[in-house]
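What follows is the residue order along each chain.
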Amino acid sequence: MKTLLQDLRYGWRVLLKSPGFTIVAVLTLALGIGANTAISTIVYGVLLRPLPFPQPDRIVQLSESYQGQSDEMDLSSKELQGLRDYSQPFEHIAGYTPVGFNFSTGTQAEHVNGLHVSSEYLSVLGVHPVVGRDFLEEEDRGDGQRVALISHSLWERRFASDPGKLGQKIILNGDPYTLIGVMPANFNANATTFDSGPAPQVWAPLALVAKTAGSGENIGVVARLKKGTTRAQLASQMDIVTRDFRAQFPNVVGQQLIISFVPYQVMISAAVRPYLFVLLGAIGFVLLIACANVANLLLARGGSRGREIAVRISLGASRMRLFRQLFTESMLIALMGGALGLLLANAGLSSLLAIAPVNLPRVDDIHLDGWVFAFTFFISLLTGALFGLAPAFYATKTNLNETLKEGAGRASAGTGRARLRQGLVIGEFALSLVLLTGAGLMIATFAKLLNTNPGFDPHRVLTMQFWLNGSKYNSTPEIASFYRSLQQRIESLPGVEAVGIVAAGLPLERGGNNGVRIAGPKESEWISMDYREITPEYFRAIGMPLKQGRVFTDADSADSNRVVIINEVVARKYFPDQAAIGKHLFVSNVPCEIVGVVGDVKSFLDQPAEPATFIPASQAGYGTSKLFEGWFPRSIIVRTSANPLSLSQSVREAVAEVDALVPTGQIRSMDQVLSRSLALRSFMMQLLSIFGALALVLASVGLYGVISFAVSRRTREIGVRMAIGARPADVLRLILAEGLKLVLAGVVLGIGAALLLTKLLEGMVYGVSMRDPLIFLLVNVLLVGVSLAACYIPARRAMRVDPIVALRYE
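Because the structure is predicted, anything quoted here is derived from the model rather than measured.

Draft legend 1. Local environment of the overall build of the protein chain. Within the protein chain one finds 25 helices and 21 strands. By residue count, 52% of the 810 residues in the protein chain fall in the buried class. Pairs at least 24 residues apart make up 82% of the contacts formed inside the protein chain by residues separated by at least 6 positions. For the protein chain, the accessible surface area stands at approximately 35400 Å², while carbon and sulfur atoms represent 58% of it.

This is the structure we're talking about:
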């Protein structure tokens, strides 16, 4: 311990004597460690931080998928009931489905997110109400009883935390419910669904919607495993369930049902998991480059301290003692870099979260804590070892006779040390090329998506959500009348060009779907298609082109023949050699005549458009509307001649003028909806670009250091060359060529690495080849250009060497 303290004191004094070197080394490491800590904090918070439930590793998500399809899907209520018969591996099993509630206590209504859950849902999570009780088993049977739990925040806000309010009636979607309990204040409701929107505030029995939901696959299933149940045992049980379910629930011909499981924590973050791991790997490359830079600094400094080391050895110091001393200096630099990096991470984390996609799950769990401090400390020690070992080794490998014979300024650096420094620079540029190539692919992808036609015109369009759940509008004619009054109010606003209303989702967002059959001599099986209920002006308001036939009119009323409009995907796929106009579809078992064909609108910009059907809101069955209302808001679409957001308050007031009890929600322009659909890729593009730029700067600084050091070591040689006739331009070419050799070696190595590692981006890239020659060419040109600029400064200094002075150089 005494020796360690001596080493620390001596190392600290040595670093203070070289403040320039110390500041550069610490700042370089701080950038790498700080960025690494910030990204690791996000990765840990989203992917790895244990869920806030007892023994969360025992909670699994059960789902169904079909052979040949990778998407996991929810189950039907009948399948949930069937799973309960296979309870051997489960301590508890429960279903849930997200829903929207219009909540009131008899006065003002507000819209809140909620969940319909089965009676064992909270037992699966290991959570209990802090006030009141949980759901009872009998409340999850038959039609269910109208009881509800609310969040602690809603209890505080609407009931002033009064326990006496238990048993009171609350109104949810127009129906009276008995308030039976309040969830704990620390209950992280956002960690109970895969939707990163507003957290659930109300929980009601699943039985209330199980019958309404029919056999549709819209129920999530979670289970808590019995203690000691292994994944192999669960997998074996799921194989049995799969076999039995295939017999009980026949599927579309050619598809095979698979019941599978995945840890609940993994399922919550499944959509962003590959993106975050790529970012973690990318920032790891930046840290390696920072370590290589500091190692280069230490190697150069070790060369200049050769005489000092030789003198100390000749006076009796052991090489191991000196190695330990030099390594201690490296660790001091690493720890200082880690401390400063932690401050940078704390400052940068909020900036990262500001540009993070709004659908990033578990945002509340992203924060600095003891685990982050421990990680930063570990990273600091690891980086100290990475960049400190080789310089310390070479510094203590000094040849005493040669070093003591040389002048103080010419202590030999050694060929091994020089080659190591060059190798580090080559590695830095190789890693930089990989990062820049990844950034280039994401930039190209983002540009491609921005230029992809979504199928409608998103510019100058305002959208606003509203809900009619439980309102006085209990029939299709009443809803249609409300729509007409609302449209007339909004159309009278200045700058409004068209107003439409849609139920079951906006374009570029998750929407509703419905069962459709193609009518004809050979009636088709049920086909799941996107489904929208719209008013006549919807297509003009959203900017969707009519391709054939006509749009809806006011004449398409509840008393007229049922009609439907399809998109081009349906026309091409199901009416390939004939006109679709005049043909019939069964939509929810109702025969509808096809009167129009509109252009294809994408639900996801990077995927082909799905088959879609549109029916007039005035002909929508209220049962279907009420079902979709539970999962999707209705939306007003307003096309304007000016900035759409300038009408936000006016549109909200127009709804209140028609009916003050109808709650309104999120107001956005369609440009904002489009931006949200690209948010995750935008986040990747920005961060990879930042990491690539940072890597390039660090690599260039490293190259500058190597070339600058080489020039200082070769001053005498350069003087001799100029004395025998070399021109300054010849010296410039000589120095630039030396730097270019290192860069080209890094480029060759980096291209090979990029071809391998960019495959990790395959599922994130759209419309761009993973081996796009233009991207590789531009990245290489950028690397070479920046490296030549880094070499030019020391090369210019070499050009100005005075031969007379250089020949006297000692």
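Draft legend 2. View of the pairing of strand β14 (residues 527–534). With 7 of its 8 residues buried, β14 lies for the most part within the structure. By the bridge criterion, 2 bridges tie strand β12 (residues 496–503) to β14 in an arrangement that is antiparallel. By the bridge assignment, V502 is partnered in β14 with I534. The sheet contact formed by strand β13 (residues 512–518) and β14 spans 5 bridges and is antiparallel. Directly across from G515, in β14, lies its bridge partner S528.

Draft legend 3. Seen up close, the nonpolar core. L279, Y538, M544, F614, M684 and L703 are the most contacted members of the largest nonpolar core, which has 102 residues in total. It is helix α21 (residues 679–713) that provides the largest number of residues to this core, a total of 16 residues. Beyond its immediate stretch of four places on either side in the chain, M544 contacts G455, F456, Y538, F539, V598, G599, V601 and F614. One finds Y483, L647, V655 and I667 within the second-largest nonpolar core, a separate group that totals 23 residues.

Draft legend 4. Quick peek at empty space enclosed by the protein. If you walk through the whole model with that rule in mind, you get 3 cavities of 30 Å³ or more. Here the largest cavity is characterised by a volume of approximately 130 Å³. In this structure, the largest cavity is lined by 17 residues; those nearest its centre are D530, R532, V601, A612 and F614. When residues of the lining of the largest cavity are traced back to their parent elements, those giving at least two are β14 and β19 (612–616).

Draft legend 5. Representation of the packing of aromatic side chains within the structure. Going through the model one piece at a time under the given rule, you end up with 10 aromatic pairs. Measuring from ring centre to ring centre gives 6.0 Å for F466 and F482, while their planes differ by 45°; the resulting arrangement is tilted. One end of the pair, F466, is in strand β11 (residues 461–466); the other, F482, is in helix α15 (residues 476–491), and 16 residues separate them in sequence. Like F466, the residue F482 is buried in the burial classification. By the ring-pair criterion, three or more aromatic residues cluster together here, those being F53, F187 and W203. In this structure, R517 is placed above the aromatic ring of F586, and the distance from its NZ or CZ to the ring centre is 4.6 Å.

Draft legend 6. Spotlight on the pairing of β19. Taking burial as the measure, the 5 residues of β19 include 5 buried ones, the bulk of the element. Because side chains alternate across β19, one face comprises the buried residues A612, F614 and P616, and the other comprises T613 and I615, equally buried. Pairing of β14 with β19, which is carried by 5 bridges, proceeds in the parallel orientation. Bridge pairing in β19 links R532 to F614. Two elements, strand β16 (residues 563–567) and β19, share 2 bridges in a ladder whose sense is antiparallel. When the sheet's bridge partners are listed, I566 is paired in β19 with T613.

Draft legend 7. Focus on the side chain of T376. Relative to the assigned elements, T376 resides in helix α12 (residues 370–395). Every residue in contact with T376, bar those within four places of it in the chain, is listed here: I33, T37, G338 and L342.

Draft legend 8. Inspection of a nonpolar patch on the surface at higher detail. There is a patch of nonpolar side chains on the surface, built from L288, F378, L382 and L386 and spanning about 380 Å² of accessible area. With 3 residues, α12 is the single largest residue contributor to the nonpolar patch.

Draft legend 9. Inspection of the pattern of salt bridges at higher detail. Considering all chains together, one arrives at 17 salt bridges under this definition. For R84, the salt bridge goes to D140, with nearest N and O atoms at 3.4 Å. With a gap of 56 residues between them, R84 in the loop between α3 (77–83) and β2 (90–104) and D140 in the loop between β4 (131–132) and β5 (147–150) connect regions that are remote in the sequence. Judged by its relative accessible area of 16%, D140 falls in the buried class. Members of the salt-bridge network, linked through shared partners, are E110, R157 and R158.

Draft legend 10. The arrangement of α15 in detail. For α15, built from 16 residues, the straight-helix expectation of 22 Å at 1.5 Å per residue is met to within 8% by its first-to-last C-alpha distance of 22 Å. For α15, the set of buried residues is T476, I479, A480, F482, Y483, L486, Q487 and I490. Taken end-on, α15 shows its buried residues confined to a sector of 155°, consistent with a single buried face. Counted as exposed and oriented over 90 degrees from the buried face of α15: P477 and Q488.

How each quantity is defined
Residues numbered from 1 in each chain as written. Predicted model: local features only at pLDDT ≥ 70, side-chain atom pairs only at ≥ 80, totals over all residues. Heavy atoms only, no water. Helix = DSSP H or I, 4+ residues; strand = E, 2+ residues; numbered from the N terminus. Buried < 20%, exposed > 50% of the residue type's maximum accessible area, 1.4 Å probe, protein only. Contact = heavy atoms within 4.5 Å. Areas by Shrake-Rupley, 256 points an atom, 1.4 Å probe, with all protein chains shown as cover. Pairing = 2+ DSSP bridges. Core = buried A, V, L, I, M, F, W, Y, C linked by side-chain atoms within 4.5 Å. 1 Å grid on protein atoms, 1.4 Å probe; cavity = no way out; pocket = protein on both sides within 12 Å on 5 of 7 lines; lining within 4 Å. Points joined across faces, edges and corners; volume = space filled by probe spheres on them. Phe/Tyr/Trp six-rings, centres within 6.5 Å; stacked < 30°, edge-to-face > 60°. Lys NZ or Arg CZ within 6 Å of the ring centre and 35° of its normal. Patch = residues over 30% accessible without salt bridge, like charges linked within 9 Å, V, L, I, M, F, W, Y side chains within 5 Å. Salt bridge = Lys/Arg side-chain N within 4 Å of Asp/Glu carboxyl O. Expected span 1.5 Å × (residues − 1). Arc of directions from axis to C-beta.

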